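# Observations on the three-dimensional arrangement
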Amino acid sequence: EPWHTMFEDVRVRQALMYAVDRVEIAERIGQDLRPVMDGLMPTTLAWIPAPDIEPYRYDPERANALLDEAGWVDTNGNGIRDKDGTELSFYVLVDRGNAVREQITLVLQDAWQSLGMEVEYIATERTGRWLEETRAGTFPIRVSTFPIPNADWAYRLFHSEGLNNSQKYVNPELDAILEAMLATADVEEQGRLLKQAQEVLHADPYVMPFFLEPTL
């Protein structure tokens, strides 16, 4: 599929980040009870130092500039950016019935379409297409939740061979950090390495965090 390559350029993924007002999502959809997450590890986990990152904040001008720089421009005037004959067109997959995730997906669709992308909203049963594409890793973008990472879950989610890395993300630098994390029983060292992992994932984003969902 074309999206297997259209998101390879980090500038495209960074543009996706800058195009979305995650603070407003946390305030409105999260009812201002769930502060926006900038890293991928909750700040409530005191054993993990805060990452040294500059948060992605809503900046559509910067998003547009990054897409232009990456070569995605509307060459035929149809309102959709294209490059080398391929339009910047994809869908966002969400599990039907979860009101919070469905609302977030609609916001994402609107934000990205305003940049000249063609974005289809697909809500499907969690046990049907959503699960099938999650297992196969064939979706372009998916809205989901994941558990608060401990050392094991961080490896499962973000390592290239992790069992729950459904996006099929590969980053050798991150793999080395996560492997070192699993190789030590020192909690302080694990925390330091998870701090580094967040910094790598922030510079090369493939996950857009919003807020923590409380569970009972």
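Anyway, here's the lowdown on the structure attached to this text. From a predicted model like this one, the values you see are computed outputs, not experimental measurements. (Residues numbered from 1 in each chain as written. Predicted model: local features only at pLDDT ≥ 70, side-chain atom pairs only at ≥ 80, totals over all residues. Heavy atoms only, no water.)

Applying the stated criterion across every chain yields a total of 1 cavity of 30 Å³ or more. Approximately 80 Å³ is the volume attributed to the largest cavity. What lines the largest cavity is Met 17, Asp 38, Gly 39, Leu 40, Tyr 56, Gln 198, Leu 201, His 202, Pro 205, Val 207 and Pro 209. Broken down by element, the residue count for the lining of the largest cavity peaks at 3 residues, all from helix α9 (residues 187-203). Across the lining of the largest cavity, the residue classes tally to 7 nonpolar, 3 polar and 1 charged. (1 Å grid on protein atoms, 1.4 Å probe; cavity = no way out; pocket = protein on both sides within 12 Å on 5 of 7 lines; lining within 4 Å. Points joined across faces, edges and corners; volume = space filled by probe spheres on them. Helix = DSSP H or I, 4+ residues; strand = E, 2+ residues; numbered from the N terminus. Nonpolar A, V, L, I, M, F, W, Y, C, P; charged D, E, K, R; others polar.)

This next bit is on the pattern of salt bridges. Under the definition given, this model contains 14 salt bridges. Asp 95 is the partner of Arg 126 in a salt bridge, and the nearest nitrogen-oxygen pair spans 2.9 Å. Of this pair, Arg 126 sits in helix α6 (residues 126-136) while Asp 95 is found in strand β3 (residues 89-95), placing the two residues 31 residues apart along the sequence. By relative accessible area, Arg 126 is classed as partly exposed at 37%. A relative accessible area of 3% means that Asp 95 is categorised as buried. (Salt bridge = Lys/Arg side-chain N within 4 Å of Asp/Glu carboxyl O. Buried < 20%, exposed > 50% of the residue type's maximum accessible area, 1.4 Å probe, protein only.)

Note on helix geometry: an α-helix contains 3.6 residues per turn, so any two residues three or four positions apart are oriented the same way. Spanning 15 residues, helix α5 (residues 99-113) covers 21 Å between terminal C-alpha atoms, matching the ideal 21 Å at 1.5 Å per step. Among the residues making up α5, those that are buried are Val 100, Arg 101, Glu 102, Ile 104, Thr 105, Leu 108, Gln 109, Ala 111 and Trp 112. Looking at the packing, one finds that the buried side of α5 touches α2 (10-18), α3 (22-28), β3, β4 (118-124), α6 and β5 (141-143). (Expected span 1.5 Å × (residues − 1). Contact = heavy atoms within 4.5 Å.)

One finds Phe 90, Trp 112 and Met 117 to be the most contacted residues of the largest nonpolar core, which totals 42 residues. When residues of this core are traced back to their parent elements, those giving at least two are α1 (3-6), α2, α3, α4 (60-69), β3, α5, β4 and β5. Here Met 117 is in contact with Leu 16, Leu 67, Leu 88, Phe 90 and Trp 112, once residues within four sequence places are set aside. By size, the runner-up hydrophobic cluster in this structure holds 21 residues, among which are Ile 177, Ala 197, Val 200 and Val 207. (Core = buried A, V, L, I, M, F, W, Y, C linked by side-chain atoms within 4.5 Å.)

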